[in-house]
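# Understanding the architecture of this molecule
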Amino acid sequence: MIRVFKHYLPHAVLLLGIVDALFLMVAGELGWVIRAHQIGMHVTPLTTRLPQLISFTLALQIALIAVGGYQAASFLSLRFAAARLAVAIVLGTIFLSMVFFLFPPLALWRSNLLYAMLLAILLLVTVRAVLGETLGGERFKPRIVVLGAGARAAQIRDLADQPGINFVVAGFVAMGEVDPMVADAAPREQIDNLAEHVIECRATEVVLALQERRNALPLKDLLRVKTTGVTVSDISTFLERETGRIDLNSVNPSWLIFSDGFASGQMVSSFFKRGFDIIASLSLLILTLPVIIVFAILIKIESKGPAFYRQRRVGLFNESFEILKLRSMRQDAEVGDTAVWAAEKDPRITRIGRIIRKVRIDELPQTWTVLKGEMSFVGPRPERPQFVRQLEEELPYYAERHMVKPGITGWAQINYPYGASIEDARHKLEYDLYYAKNYSPFLDLLILIQTLRVVLWPTGAR
């Protein structure tokens with residue numbers, strides 16, 4: 001994994017992104033050259049059209065990120081990769097049309113663009129057919145040795161068995177656990193030199209997964225492993241990096257306190273975040289006002305009650321505020337203001353409500369809340385006060401998610417399907433804590449781009 005602006009990127013994803021960028025530049029240039037030869041035009045040096053080629057490349061790569069073109073499935077299935085690529089080409093064309101309209105000097109001729117797009121499809125599919133299996137294979141994955149054979153070690157073993165994971169377990173070392181859960185773990189007492197054993201396993205990292213660390217840390221072993229150049233990681237740090245969430249089963253308060261992160265209040269980052277929220281919310285309100293009005297009328301026609309729905313939520317520093325949404329349920333959905341979790345195929349949802357929830361149109365009026373500064377575009381999803389009180393009692397560290405401003409979309413929303421239970425809230429909290437800990441404008445941008453994937457392929461919208 002490579003850390004970019006506090007966020008971890010797998011080596012294979014970064015390498016594929018670089019290769020894609022190079023081939024997209026080639027496709028754009030070849031499309032221009034082919035058309036120039038067709039009309040007998042002199043081919044000028046590449047530097048004269050570099051801005052156009054860069055805009056072409058960036059638009060298509062943003063589209064690829066938006067549709068999940070760099071997800072693990074893209075390395076495992078050529079069919080998945082080709083399907084996402086086809087959607088990305090369509091989106092890329094729309095993005096480029098907007099860019100060309102706003103910035104005419106960056107425009108390519110329509111014939112150039114057609115040739116470039118056809119060549120881009122050919123080259124990008126070929127790259128995934130040739131390199132997909134290799135990049136998704138073990139060659140580009142770090143090898144780890146796990147110290148421990150208990151429940152935490154078993155958690156890593158189970159994670160390693162999941163498709164698309166970015167590491168390989170080279171071995172387990174049992175450290176004298178009373179109830180070992182990893183059957184093939186090598187007993188520590190049978191290993192003369194742990195550092196030598198790690199090197200023989202060709203491991204690049206040792207992960208400490210002990211159940212009880214008090215007076216049990218093998219300090220001499222870890223020091224010798226460290227001095228050989230092998231990385232030594234705590235299980236909480238390892239799982240944060242590999243899963244993009246903070247694992248509540250292994251994390252402890254001292255790790256949260258002393259680990260790097262939780263710098264979301266930095267002045268420069270906060271200034272840019274607020275500036276973006278103001279510009280984007282104002283623009284989006286203006287652009288989507290006709291859509292909001294149309295669906296507000298349809299809601300009024302279908303069912304009795306107001307078209308808009310106000311609801312109390314808990315925001316930054318546990319202060320409550322009201323969000324504004326298009327009503328998607330019957331007016332009598334909750335009797336006596338009793339909060340009820342939404343359920344799959346919830347009968348309270350109207351026909352129009354089901355449509356606007358699928359494509360997230362019901363969220364559009366919340367841009368007014370963003371403009372007022374009570375919410376941001378990106379952040380943990382704000383919950384209702386009744387649920388917050390319950391979740392703070394049942395989930396550790398739940399209150400910490402209120403140390404950052406809530407958002408319309410967030411890291412949990414793009415990584416975990418809609419959930420309506422305590423267990424779902426627990427999983428989403430793990431992603432929210434990761435966001436709060438590793439916040440950067442880069443992560444915000446990544447979340448905003450990938451939100452389009454959730455809109456195009458909604459998972460569990462209720």
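In short, a report on the structure. The structure presented is a predicted model; accordingly, all values stated were derived computationally and were not measured.

So, on to the packing of aromatic side chains. All told, the structure shown has 6 aromatic pairs when counted by the stated rule. Judged by centre distance (5.8 Å) and plane angle (70 degrees), the ring pair of tyrosine 435 and tyrosine 439 falls under edge-to-face. Tyrosine 439 shares its class with tyrosine 435; the two are buried. The residue whose ring lies beneath arginine 49 is tryptophan 32, and the NZ or CZ to ring-centre distance is 4.0 Å.

What follows covers the pattern of salt bridges. Summed over the entire model, instances satisfying the criterion amount to 17 salt bridges. Across the pair arginine 3 and aspartate 260 runs a salt bridge, and its minimum N-O distance is 3.3 Å. Taken together, the residues span a long stretch of sequence, with arginine 3 in strand E1 (residues 2-4) and aspartate 260 in the loop between helix H10 (253-258) and helix H11 (267-302) at a distance of 257 residues. Between aspartate 221 and arginine 188 there is a salt bridge, with the nearest N and O atoms lying 3.0 Å from each other. Of this pair, aspartate 221 sits in helix H8 (residues 219-227) while arginine 188 sits in the loop between strand E5 (186-187) and helix H7 (194-200); the two residues are 33 residues apart in sequence, bridging distant segments of the chain.

This paragraph deals with helix H4 (residues 78-102). Its 25 residues place the ends of H4 35 Å apart at the C-alpha level, agreeing with the 36 Å of an ideal helix rising 1.5 Å per residue. Within H4, burial applies to Ala81, Arg84, Leu85, Ala88, Ile89, Leu91, Gly92, Leu96 and Phe100. Buried residues along H4 sit against helix H2 (50-66), helix H3 (73-76), helix H5 (110-135) and helix H17 (441-456).

Take the sheet that holds E5 next. Strand order across the open sheet formed by 5 strands is E5-E4-E3-E6-E7, with parallel pairing between neighbours. Only two strands of the sheet have a single neighbouring strand rather than two, namely E5 and strand E7 (231-234). In terms of strand pairing, strand E3 (residues 143-147) meets strand E6 (residues 205-208) through 4 bridges, oriented parallel. Paired with isoleucine 144 across the bridge in E6 is glutamate 205. Set on the sheet, helix H9 (residues 235-243) makes contact with E3, E6 and E7; between it and E7 the angle comes to about 95 degrees.

Interaxial distance between helix H6 (residues 151-160) and H9 falls to 12 Å at its minimum, and their mutual angle equals 20 degrees. Taken together, H6 and H9 sit at an angle that is classed as roughly parallel. The handedness of the crossing between H6 and H9 comes out as left-handed. In contact with Arg152, Gln155, Ile156 and Leu159 of H6, H9 contributes Ile235, Phe238, Leu239 and Thr243. Split into classes, the residues belonging to the contact of H6 with H9 amount to 5 nonpolar, 2 polar and 1 charged.

Conventions and cut-offs
- Residues numbered from 1 in each chain as written.
- Predicted model: local features only at pLDDT ≥ 70, side-chain atom pairs only at ≥ 80, totals over all residues.
- Heavy atoms only, no water.
- Phe/Tyr/Trp six-rings, centres within 6.5 Å; stacked < 30°, edge-to-face > 60°.
- Buried < 20%, exposed > 50% of the residue type's maximum accessible area, 1.4 Å probe, protein only.
- Lys NZ or Arg CZ within 6 Å of the ring centre and 35° of its normal.
- Salt bridge = Lys/Arg side-chain N within 4 Å of Asp/Glu carboxyl O.
- Helix = DSSP H or I, 4+ residues; strand = E, 2+ residues; numbered from the N terminus.
- Expected span 1.5 Å × (residues − 1).
- Contact = heavy atoms within 4.5 Å.
- Pairing = 2+ DSSP bridges.
- Axes fitted to C-alpha atoms, helices over the stretch in contact; angles between N-to-C directions.
- Parallel < 35°, antiparallel > 145°, perpendicular 65-115°, else oblique.
- Left-handed = near helix turned anticlockwise from the far one by under 90°.
- Nonpolar A, V, L, I, M, F, W, Y, C, P; charged D, E, K, R; others polar.

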